[in-house]
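Structural overview for review
Here are the chains, one letter per residue:
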Amino acid sequence: MTTDTDQAQQVMLTGGEMLAWSDLRTEEPTDSGPLGALAAHVVPAGARVLLAGPHEPAFLDRLTRAEVTCLLRSRLDGVALAEHAADRSVRVIVGGLGGLPPDETYDVIIAASGLDPVDSIEGTRLGWDAVLAVLADRLRPGGTLLLRMDNPVGLHRLVDVSAWYTAREDAQWTVDGVLDADHPANLDQLRHRLADAGLVPDASFAAYPHPEAVTALVATGELDQGTSAGLLDAVLHNTCSDGYAGRSVLQDPARLAVDALHAGLATSLAPAWVVLAQRGPLPTTEPTDLPVALVRTGPSDVGEIEVVATGQGLQWRVAQPPARAETATGLAYRDLGALAGPVPTGRLLHTLLLDACLRQDLERIRGLLSGYARWLDSSAVDGRIAGAAALAGMDNVVVVDGERFAVLDPSWQATEPLPVDVALARGLWRFAAILLTGGYAHPWPSTLDLAGLTVVLGGVAGRELNRATVRVAVETEAAVAAAQQGLDPTGRQKLRDELDTLELDSPPPGPRSYQQLYEAWLRQREELTRIQALLRWTDDLITSRERALRRADAMIKMLSGSVSFRLGRLVITPARWAKRAARALKRRLRKALKRQVRGEQQ
């Protein structure tokens with residue numbers, strides 16, 4: 001065993017280390033996210049913790065109450081961790097599993113990057129099961145293993161443009177598809193492997209939207225039971241929309257995730273799973289109060305939003321909510337202190353409306369939209385609406401008991417009250433944009449543009465909107481979206497231009513889905529076909545009119561050169577002269593009579 005000192009922090013090289021390789025693929029350190037928050041719940045104060053495999057340096061900030069040993073195969077990653085924890089007593093071991101001190105056990109072992117990166121390729125490889133056996137053997141009785149495993153047929157592979165088996169990157173030392181018998185292929189197989197290693201599987205979470213960037217953890221039991229819950233609908237949709245923004249994908253991952261949820265497959269298609277397992281005998285103390293969902297929304301300094309299960313249902317929980325901070329635009333701000341109390345139950349209004357549109361159910365659409373408009377009116381004071389309701393689009397409103405409406409996430413607040421018509425038009429415009437750019441079937445004419453469809457939806461809701469109100473609503477949407485995304489003035493202007501140019505044949509914003517790009521191309525082709533047909537009809541009409549004019553001109557020329565035309569002119573011309581002379585004589589007689597009458601009167 002040798003030692004290497006960097007930045008006054010000891011990094012132990014035990015043999016089998018990879019000197020020039022790094023498992024941390026990002027150039028800049030990222031936050032530990034929900035995985036770190038879950039680890040903080042699992043690790044008790046004073047516990048001895050083993051971080052097995054690569055973890056972001058910020059992961060150590062979640063474990064300040066514990067005695068941490070880091071085991072990595074990359075020397076570069078070990079140096080990064082040592083530099084990050086220079087002011088703490090963190091031991092960094094670089095090499096294979098054989099480099100762990102003999103007979104040293106741990107209260108908690110965390111392998112949040114899976115087991116493959118724990119096994120160094122410099123030397124004899126152990127394999128997945130052997131690595132699990134070594135880690136299980138190093139757990140103290142009653143200790144906890146936190147393990148992440150990627151899903152070989154998860155959502156990330158279903159939407160990926162390139163097939164996973166064509167990868168030729170440096171990290172592809174092994175093929176980890178479902179045919180690899182060394183790796184578990186699903187969650188049940190993972191639980192069986194843990195049991196075979198002498199561990200007792202406990203809680204499990206589905207990780208979204210991508211194994212390499214987990215921003216949401218949802219308990220698998222909650223996903224399997226709450227297939228129509230508005231909270232889970234919104235979490236999966238927003239997580240996948242934000243996580244794949246700007247990426248090229250085969251189909252919309254947000255739509256696929258929501259469909260999987262309603263089909264009861266959200267756990268099976270999760271990009272990864274995070275499982276907690278304990279080594280017996282189990283402790284007699286009360287189990288850890290784990291949340292049923294941990295979600296990262298917004299910038300990293302906001303922290304995670306947790307949802308916990310209580311006897312009164314699901315409750316919001318935010319640890320150390322930051323102080324209210326208005327955004328640069330001044331139109332919206334995030335107040336995490338508002339996330340307190342129960343989570344509204346019910347189905348997401350956005351999903352209900354999409355379903356009604358696909359089924360051409362006008363009565364259902366009218367009931368939902370008019371109810372949404374009445375709910376906004378009930379929250380208004382003197383025609384203006386403030387707070388969370390002012391910014392509550394249909395993707396953040398749940399329908400409770402089929403009648404009542406409630407804001408799902410009330411943390412985004414309006415700085416200034418908005419006119420009710422503008423708030424309503426903004427919600428309708430956002431839904432109309434999803435309908436048109438997403439290619440959804442709906443019961444209105446296909447020739448309507450985005451503003452026109454918004455006006456029509458306002459009429460269905462029982463409100464008379466006009467295009468001027470819709471224009472103000474779009475400006476409001478651009479300002480609010482810029483505040484939520486933390487954009488600078490250049491980014492805000494770019495976003496405003498993108499919203500202004502949305503058309504019927506535009507692809508939806510967000511991930512570059514080939515499926516939706518194909519649908520947008522079909523709509524563009526239909527529009528071009530319609531325009532070409534109109535141009536052909538106009539060209540035919542102009543051609544027929546020109547032919548009629550040419551025939552009339554030829555007829556006039558033919559008639560003007562005939563004998564009858566000339567004789568007619570000889571007869572008509574003296575008559576015209578006589579008619580003009582008679583008219584002139586009549587005018588002179590009238591003038592003479594008028595002068596005579598005036599003379600007699602005098």
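So, here's what we can say about the structure. (Residues numbered from 1 in each chain as written. Predicted model: local features only at pLDDT ≥ 70, side-chain atom pairs only at ≥ 80, totals over all residues. Heavy atoms only, no water.)

1. What about the pattern of salt bridges?
Keep this limit in mind: Just to be clear on terms, a salt bridge is a Lys or Arg side-chain nitrogen sitting within 4 Å of an Asp or Glu carboxyl oxygen. For helices the rule is a DSSP run of H or I covering at least 4 residues; for strands it is a run of E covering at least 2, with both sets numbered from the N terminus onward.
Taken as a whole and assessed by the stated rule, the structure comprises 20 salt bridges. Here Glu67 and Arg48 are joined by a salt bridge, their closest N and O atoms 3.7 Å apart. Of this pair, Glu67 sits in strand β4 (residues 67-72) while Arg48 sits in strand β3 (residues 48-52), placing them 19 residues apart in sequence. Residue Arg430 is joined to Asp395 by a salt bridge in which the shortest nitrogen-to-oxygen separation is 3.1 Å. Linking Arg430 in helix α11 (residues 420-437) with Asp395 in the loop between β19 (384-387) and β20 (397-400), this pair joins segments that are 35 residues apart in sequence. Residues joined in a network through salt bridges with shared partners are Asp395, Arg426, Arg430 and Glu477.

2. Brief notes about the sheet that holds strand β21 (residues 404-407)
Selection rule: A strand pair is defined by DSSP finding two or more bridges across the two strands.
Across the sheet, 3 strands lie side by side as β17-β20-β21; this open sheet has antiparallel pairing. Across the chains shown, the open sheet's two edge strands, defined by having one partner strand only, are β17 (347-348) and β21. Here β20 runs beside β21; their pairing, made up of 4 bridges, is antiparallel. For Val398, the partnering residue across the bridge sits in β21 and is Ala406.

3. Brief notes about empty space enclosed by the protein
Note the threshold: Lining residues are those with an atom within 4 Å of a point, where the points come from a 1 Å grid over the protein atoms alone and group into cavities, where a 1.4 Å probe fits but cannot get out, or pockets, open sets with protein on both sides within 12 Å along at least five of seven lines. Grid points are joined across faces, edges and corners, and a volume is the space filled by probe spheres set on the points. The residue classification treats Ala, Val, Leu, Ile, Met, Phe, Trp, Tyr, Cys and Pro as nonpolar and Asp, Glu, Lys and Arg as charged. All others, Gly included, are polar.
According to the stated counting rule, one finds 1 cavity of 30 Å³ or more in the structure shown. One number sums up the size of the largest cavity: a volume of about 40 Å³. Lining of the largest cavity is provided by Ala40, Val43, Pro44, Arg62, Leu63, Arg65 and Ala66. Split by residue class, the lining of the largest cavity holds 5 nonpolar, no polar and 2 charged.

4. Remarks on unusual backbone geometry
This is how it is decided: Exposure is judged per residue with a 1.4 Å probe applied to protein chains only, and the accessible area is read against the type maximum: over 50% gives exposed, under 20% gives buried, and values in between give partly exposed.
Between Tyr208 and the following residue, Pro209, the backbone shows a cis peptide bond with an omega angle of 0 degrees. Positive phi, close to 60 degrees, is recorded for Gln360, a residue that is not glycine. By the secondary structure assignment, Gln360 is in the loop between α9 (349-358) and α10 (362-378). Even without being a glycine, Asp382 presents a positive backbone phi close to 55 degrees. Following the sequence through the fold, Asp382 ends up in the loop between β18 (380-381) and β19. Judged by relative accessible area, which is 78%, Asp382 ranks as exposed.

5. What to know about the nonpolar core
The cut-off we apply is this: Buried Ala, Val, Leu, Ile, Met, Phe, Trp, Tyr and Cys residues form a nonpolar core when they are joined through side-chain atoms within 4.5 Å. The contact rule is simple, with two residues in contact once any of their heavy atoms fall within 4.5 Å.
Counting residues in each nonpolar core, the largest one holds 101 residues, and the members touching the most others are Leu63, Cys70, Ile110, Leu194, Tyr208 and Leu217. Setting aside residues up to four positions removed in sequence, Leu194 forms contacts with Leu132, Leu145, Leu147, Leu199, Pro201, Val275 and Ala277.

6. Overview of a positive patch on the surface
Note the cut-off: To count toward a patch, a residue needs a relative accessible area above 30% and no salt bridge. Like charges then connect within 9 Å, nonpolar side chains (Val, Leu, Ile, Met, Phe, Trp, Tyr) within 5 Å. The accessible surface values rely on the Shrake-Rupley method and a 1.4 Å probe; as for residues, cover is taken only from the protein chains in view. His is not counted here, nor are the chain ends, while Lys and Arg score as positive and Asp and Glu score as negative. Where a charge lies is defined by one atom per residue type: Lys uses NZ, Arg uses CZ, Asp uses CG and Glu uses CD.
Residues Arg576, Lys579, Arg580, Arg583, Lys586, Arg587, Arg588, Arg590, Lys591, Lys594, Arg595 and Arg598 make up a contiguous surface patch of positive charge. Accessibility expressed as a relative area gives 52% for Arg588, which makes it exposed.

7. A look at the side chain of His55
Counted only if it meets this: Contacts described as polar in this section are N or O atom pairs within 3.5 Å, which, within protein, must combine one atom able to donate a hydrogen with one able to accept it, while residues neighboring in sequence count only if both atoms come from side chains.
Mapped onto the secondary structure, His55 falls in the loop between β3 and β4. A distance of 2.9 Å separates a polar atom in the side chain of His55 from the backbone oxygen of Gly53. A polar atom in the side chain of His55 sits 3.1 Å from the backbone nitrogen of Ala112.

8. Side note on the environment of Ala309
Note on placement: Ala309 falls in strand β13 (residues 304-310). A relative accessible area of 47% means that Ala309 is categorised as partly exposed. In the structure, Ala309 is positioned 87 residues away from Glu222 in sequence and 9.7 Å away in space, judged by C-alpha atoms. Ignoring sequence-local partners within four residues, the contact set of Ala309 consists of Val292 and Leu314.

9. Some words on the environment of Thr124
Looking at the element boundaries, Thr124 is found in the loop between β6 (106-111) and α3 (128-137). Relative accessible area serves as the criterion here: at 72%, Thr124 is assigned to the exposed category. For the pair formed by Thr124 and Gly16, sequence separation is 108 residues and the distance between their alpha carbons is 9.0 Å.

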